[in-house]
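# Secondary and tertiary structure notes
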Amino acid sequence: MAEPLAERLRPRTLDDYVGQRHLVGVGAVLRKMIDAGHISSFILWGPPGVGKTTLAQIIAHQLEVPFFTLSAVTSGVKDVRDVIERAQKGRFFNEASPILFIDEIHRFSKSQQDSLLGAVERGIVTLIGATTENPSFEVIRPLLSRCQLYVLKSLDKDDLLELLHRALTKDVFLKERNIELQETGALLRYSGGDARKLLNILELVIESSSTTCTATNTSETSIVITDEMVESCLQQNPLAYDKDGEMHYDIISAFIKSIRGSDPDAALYWMARMIEGGEDPQFIARRLVISAAEDIGLANPNALLLANATFDVVMKIGWPEGRIPLAECAVYLATSPKSNSAYLAIDKALALVRQTGNQPVPLHLRNAPTSLMKDLGYSDGYQYPHDFAGHFTPQQYMPDALQNERLWFGQHSPAEQKLYERMVNYWGKRFEE
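Here goes a summary of the coordinates provided.

Rules used throughout
Residues numbered from 1 in each chain as written. Predicted model: local features only at pLDDT ≥ 70, side-chain atom pairs only at ≥ 80, totals over all residues. Heavy atoms only, no water. Phe/Tyr/Trp six-rings, centres within 6.5 Å; stacked < 30°, edge-to-face > 60°. Helix = DSSP H or I, 4+ residues; strand = E, 2+ residues; numbered from the N terminus. Buried < 20%, exposed > 50% of the residue type's maximum accessible area, 1.4 Å probe, protein only. Expected span 1.5 Å × (residues − 1). Polar contact = N/O pair within 3.5 Å; in protein donor to acceptor, adjacent residues only side chain to side chain. Salt bridge = Lys/Arg side-chain N within 4 Å of Asp/Glu carboxyl O. Core = buried A, V, L, I, M, F, W, Y, C linked by side-chain atoms within 4.5 Å. Contact = heavy atoms within 4.5 Å. Pairing = 2+ DSSP bridges. Axes fitted to C-alpha atoms, helices over the stretch in contact; angles between N-to-C directions.

## Remarks on the packing of aromatic side chains
- Enumeration according to the criterion identifies six aromatic pairs in this entry.
- Judged by centre distance (6.2 Å) and plane angle (20 degrees), the ring pair of Phe-67 and Phe-101 falls under stacked. Of this pair, Phe-67 sits in strand 2 (residues 67-71) while Phe-101 sits in strand 3 (residues 99-103), and the two are 34 residues apart along the sequence.
- For Phe-101, a relative accessible area of 1% gives the class buried.
- Ring geometry for Tyr-397 and Trp-427: centres 6.4 Å apart, planes at 80 degrees, overall edge-to-face. A residue pair is termed long-range when its members are at least 10 positions apart, and Tyr-397 in the loop between helix 19 (371-375) and helix 20 (414-427) and Trp-427 in helix 20 qualify at 30 residues.
- In this structure Tyr-397 comes out as partly exposed when scored by relative accessible area, which is 39%.
- Residue classification places Trp-427 among the partly exposed residues on the basis of a relative accessible area of 22%.
- One aromatic cluster is present, built from ring pairs that chain together Phe-392, Tyr-397, Tyr-426 and Trp-427.

## Quick word on helix 15 (residues 281-296)
- Between its first and last C-alpha, helix 15 extends 21 Å over 16 residues, near the 22 Å set by a 1.5 Å rise per residue.
- Every buried residue of helix 15 is accounted for by Pro-281, Phe-283, Ile-284, Ala-285, Arg-286, Leu-288, Ser-291, Ala-292, Asp-295 and Ile-296.
- With a side-chain oxygen positioned 3.0 Å from the backbone nitrogen of Gln-282, the residue opening helix 15 is Asp-280.
- Immediately beyond the C-terminal end of helix 15, within one or two residues, lies Gly-297, with a positive phi of roughly 55 degrees.

## Observations concerning the pattern of salt bridges
- Tallied over the entire structure, the rule returns eleven salt bridges.
- Across the pair Asp-171 and Arg-8 runs a salt bridge whose closest N-O atoms are separated by 2.7 Å. Taken together, the residues Asp-171 in the loop between helix 9 (157-170) and strand 6 (178-181) and Arg-8 in helix 1 (residues 5-8) connect sequence positions 163 residues apart. In terms of burial, Asp-171 and Arg-8 fall into one category: buried.
- Here Glu-294 and Arg-260 are joined by a salt bridge, their closest N and O atoms 3.6 Å apart. Taken together, the positions of Glu-294 in helix 15 and Arg-260 in helix 13 (residues 246-260) put the pair 34 residues apart, joining distant regions of the chain.
- Judged by relative accessible area, which is 36%, Arg-260 ranks as partly exposed.
- Through salt bridges with shared partners, a single network forms among Arg-8, Asp-171 and Glu-203.

## Here we look at the nonpolar core
- By size, the foremost hydrophobic cluster in this structure holds 30 residues, and its most contacted members are Leu-174, Leu-202, Ile-206, Ile-225 and Val-230.
- Elements supplying a minimum of two residues to this core: helix 1, helix 9, helix 10 (185-191), helix 11 (195-208), strand 7 (222-225) and helix 12 (227-236).
- With eight residues, the top contributor of residues to this core is helix 11.
- Beyond its immediate sequence surroundings of up to four residues, Ile-225 is in contact with Ile-179, Glu-180, Leu-181, Gln-182, Glu-183, Leu-187, Leu-202, Val-205, Ile-206 and Val-230.
- If you look at the next biggest cluster of nonpolar residues, it comprises 24 residues, including Ile-39, Phe-42, Ile-59 and Ala-130.

## Looking at the sheet that holds strand 1 (residues 42-45)
- Strand order across the open sheet formed by five strands is 2-3-4-1-5, with parallel pairing between neighbours. Looking at strand neighbours, the two that pair on one side only are strand 2 and strand 5 (148-151), the edges of this open sheet. Adjacent strand axes in the sheet meet at a mean angle of 20 degrees, parallel and antiparallel pairs treated alike.
- Across five bridges, strand 2 lies against strand 3 in parallel orientation. By the bridge assignment, Phe-68 is partnered in strand 3 with Leu-100.

What follows is the structure in structure tokens.
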């Protein structure tokens, strides 16, 4: 039986690798390390089908080092230790470390991740982890601190079109057939930036063209692919493509936007879709925490407390009872007043730091633990707010060059209006709009 199209077209070199130019393009950080023949341990974080596994295999091939792979879904601590022992025994003194690739590393338990620490720290293996989840939530801090983190992006339109062209002109089977891509909109839309899904759909459409799909022009010698043909194929084969890719991100987007738009019914509907689709409850709970901070914010600070408590409760009780606190939190967030002032303020602050660089800390704000620092004026003139009425006295806290910058602008929910009025009372014209 022939391999699937996605496997037949899996790149073997960086020159054939599509996408992720910010990492492996000419002069990019990961490309430089690979060309230099030495890499450190790192974690690849990105959505499905963007080339995480392929990139790890290419690196091992180019560096000519042994390549071991484990799946976090099927491997235990014993499997990890066995691989580490094999890597250690098979390595010569001056050789580069073997590469250990762990797919879905976010599914590894703490004990499994702990079993990796020593080998990574001593250089017995170079770890490459792949994850679709934020590593800061799922990877233990000691392991994360020993790895670089590289973020992979969904493939853009040009990348996907390049893959389609390559499939039809380079694949050993498809290049022998007369296939015309008359329209590509549906192929690109259903792929959702996922290369594997794109090639799976293309293969399904071609295989089904003479039997189950309605094409505008299909015969034994010619296949013309249109948007209507692709849509017809996928409707008739609803399980033929991975719903964890595009649909995963589309539904969570609809869920978050329903909360932001204060529609509790829609929020519950999209949550139910995720639950029925087998979504990880931790994933839903994390998004609720993010939404509470980003979209409700200072308009209702209790929202973040409830979202964080929801995350803890879901971790403790699991399914199916976990659906109840998730629903309670989603309704609470959707019906809460909204403010994104903190979200806007931190982004503005980050932009200001990037624009102005490392501005010096004013002397009166610096600590003075030594006599030399005191002689240099550190902490001189600092006024302790608790010594003043109302626990406040006006003094400069921003760097000298940025004294007049405003970053936080209060929005007009009842709770946040009180915060804004307090700042006007403290700082006067600086906070008056």
